[in-house]
Amino acid sequence: AQKVTQAQTEISVVEKEDVTLDCVYETRDTTYYLFWYKQPPSGELVFLIRRNSFDEQNEISGRYSWNFQKSTSSFNFTITASQVVDSAVYFCALSAGLNQAGTALIFGKGTTLSVSS
Amino acid sequence: EAQVTQNPRYLITVTGKKLTVTCSQNMNHEYMSWYRQDPGLGLRQIYYSMNVEVTDKGDVPEGYKVSRKEKRNFPLILESPSPNQTSLYFCASSAGEQETQYFGPGTRLLVL
């Protein structure tokens, strides 16, 4: 069975602090994809990153970085020098079962990040 | 602009009154799906479609119907809404099952 766990329900930081959002996944498939989405207070879901299971290189995009470790089944997301605009719910998601029809995107329950000024 | 649109964005209705939430994408995507988001439960897939005339159930299909007569449209139908269908609904589309899913703006539904 596929599963995504985001153990941190809520995190509060002060502006300019670094913050890491944890994501642990479970799958028996060797080919799978991992995603992060952001849901700001306005409610829409914004795609941040997609990573396939064969690419363990860390990725950096501005203040955002992602650390993918297959050995621990984790795909953690770090925001450097957080800003108030980073306040949102962040979802980690897994897409697996490449050869099975109808594979859903499995979401974690989300981490609510609050950044105060 | 590439986008997924949903209408209406907000809807208040009463138990038993049939309603349809429309979803349309302009990216020529083959794969479309519907999710509902509930506090503490995250997002769960209701139905998906891999192409025109091909639809199937997701994790929580009870009480919902869908159709895919055209590639760009994937309406969600609640034939007899009940209060437990009060939720935030998202439509999504992608070029394929494993590709990035792009989400619509969401539809907030309240069933009284």
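Residues numbered from 1 in each chain as written. Chains lettered and ligands numbered in written order. Predicted model: local features only at pLDDT ≥ 70, side-chain atom pairs only at ≥ 80, totals over all residues. Heavy atoms only, no water.

Colleague: I'd like a description of the overall build of chain B, backed by residues and values.
Modeller: Helix and strand content of chain B: 0 helices and 11 strands. Reading the helices (α) and strands (β) of chain B from amino to carboxyl end gives β-β-β-β-β-β-β-β-β-β-β. Here the C-alpha radius of gyration of chain B, 13 Å, is about what a compact globule of 112 residues would show, namely 13 Å. Once the C-alpha set of chain B is aligned to its principal axes, its extents read approximately 35 × 25 × 25 Å. A buried classification covers 51% of the 112 residues belonging to chain B. Look at the contacts in chain B between residues 6 or more apart in sequence, and 53% of them connect residues 24 or more apart. Of the roughly 5,300 Å² of accessible surface on chain B, a fraction of 50% belongs to carbon and sulfur atoms. Of the charged side chains in chain B, 12 are positive and 11 negative, and the gap between their average positions amounts to 8 Å. (Helix = DSSP H or I, 4+ residues; strand = E, 2+ residues; numbered from the N terminus. Rg over C-alpha atoms; globule rule 2.2 N^0.38 Å. Buried < 20%, exposed > 50% of the residue type's maximum accessible area, 1.4 Å probe, protein only. Contact = heavy atoms within 4.5 Å. Areas by Shrake-Rupley, 256 points an atom, 1.4 Å probe, with all protein chains shown as cover. Lys, Arg positive; Asp, Glu negative; His and termini not counted. Charge placed at Lys NZ, Arg CZ, Asp CG, Glu CD.)

Colleague: Just give me the short version of the nonpolar core, but keep the residues and values in it.
Modeller: Residues W36, F77, Y90 and L113 of chain A are the most contacted members of the largest nonpolar core, which totals 24 residues. Every element with two or more residues in this core is listed here: strand 2 (10–14), strand 3 (19–21), strand 5 (33–39), strand 8 (64–69), strand 9 (74–79), strand 10 (88–95) and strand 12 (111–116) of chain A. At 4 residues, strand 10 of chain A tops the list of elements feeding residues into this core. If we ignore the near neighbours within four places in the chain, the residues touching L113 of chain A are I11, V13, V19, I79, D86, S87, A88 and Y90 of chain A. Of all hydrophobic cores here, the second largest spans 18 residues; its members include M32, Y64, F74 and L78 of chain B. (Core = buried A, V, L, I, M, F, W, Y, C linked by side-chain atoms within 4.5 Å.)

Colleague: Lay out the pairing of strand 1 (residues 4–7) of chain B in plain terms, naming residues and giving numbers.
Modeller: Residues and elements named next belong to chain B. Here strand 1 shows a buried face lined by V4 and Q6 and an unburied face lined by T5 and N7. Two elements, strand 1 and strand 3 (residues 19–25), share 4 bridges in a ladder whose sense is antiparallel. Of the residues in strand 3, the one forming a bridge with N7 is T22. (Pairing = 2+ DSSP bridges.)

Colleague: Give me the lowdown on the pattern of salt bridges, citing residues and values where you can.
Modeller: Within this structure, the stated rule accounts for 8 salt bridges over all chains. When the shortest N-O distance is used, the salt bridge between R50 of chain A and E99 of chain B registers 3.7 Å. Here R50 of chain A, found in strand 6 (residues 46–52), pairs with E99 of chain B, found in the loop between strand 9 (87–94) and strand 10 (102–103), and the two come from separate chains. Here E99 of chain B falls in the partly exposed class, since its relative accessible area comes to 35%. A salt bridge links D86 of chain A to R63 of chain A; its shortest N-O distance comes to 2.8 Å. On the criterion of sequence distance, the pair formed by D86 of chain A in the loop between strand 9 and strand 10 and R63 of chain A in the loop between strand 7 (59–61) and strand 8 is long-range, its members being 23 residues apart. The class for D86 of chain A is buried, based on a relative accessible area of 1%. Here the salt bridges share partners, and the residues they tie into one network are R51, D55 and E59 of chain A. (Salt bridge = Lys/Arg side-chain N within 4 Å of Asp/Glu carboxyl O.)

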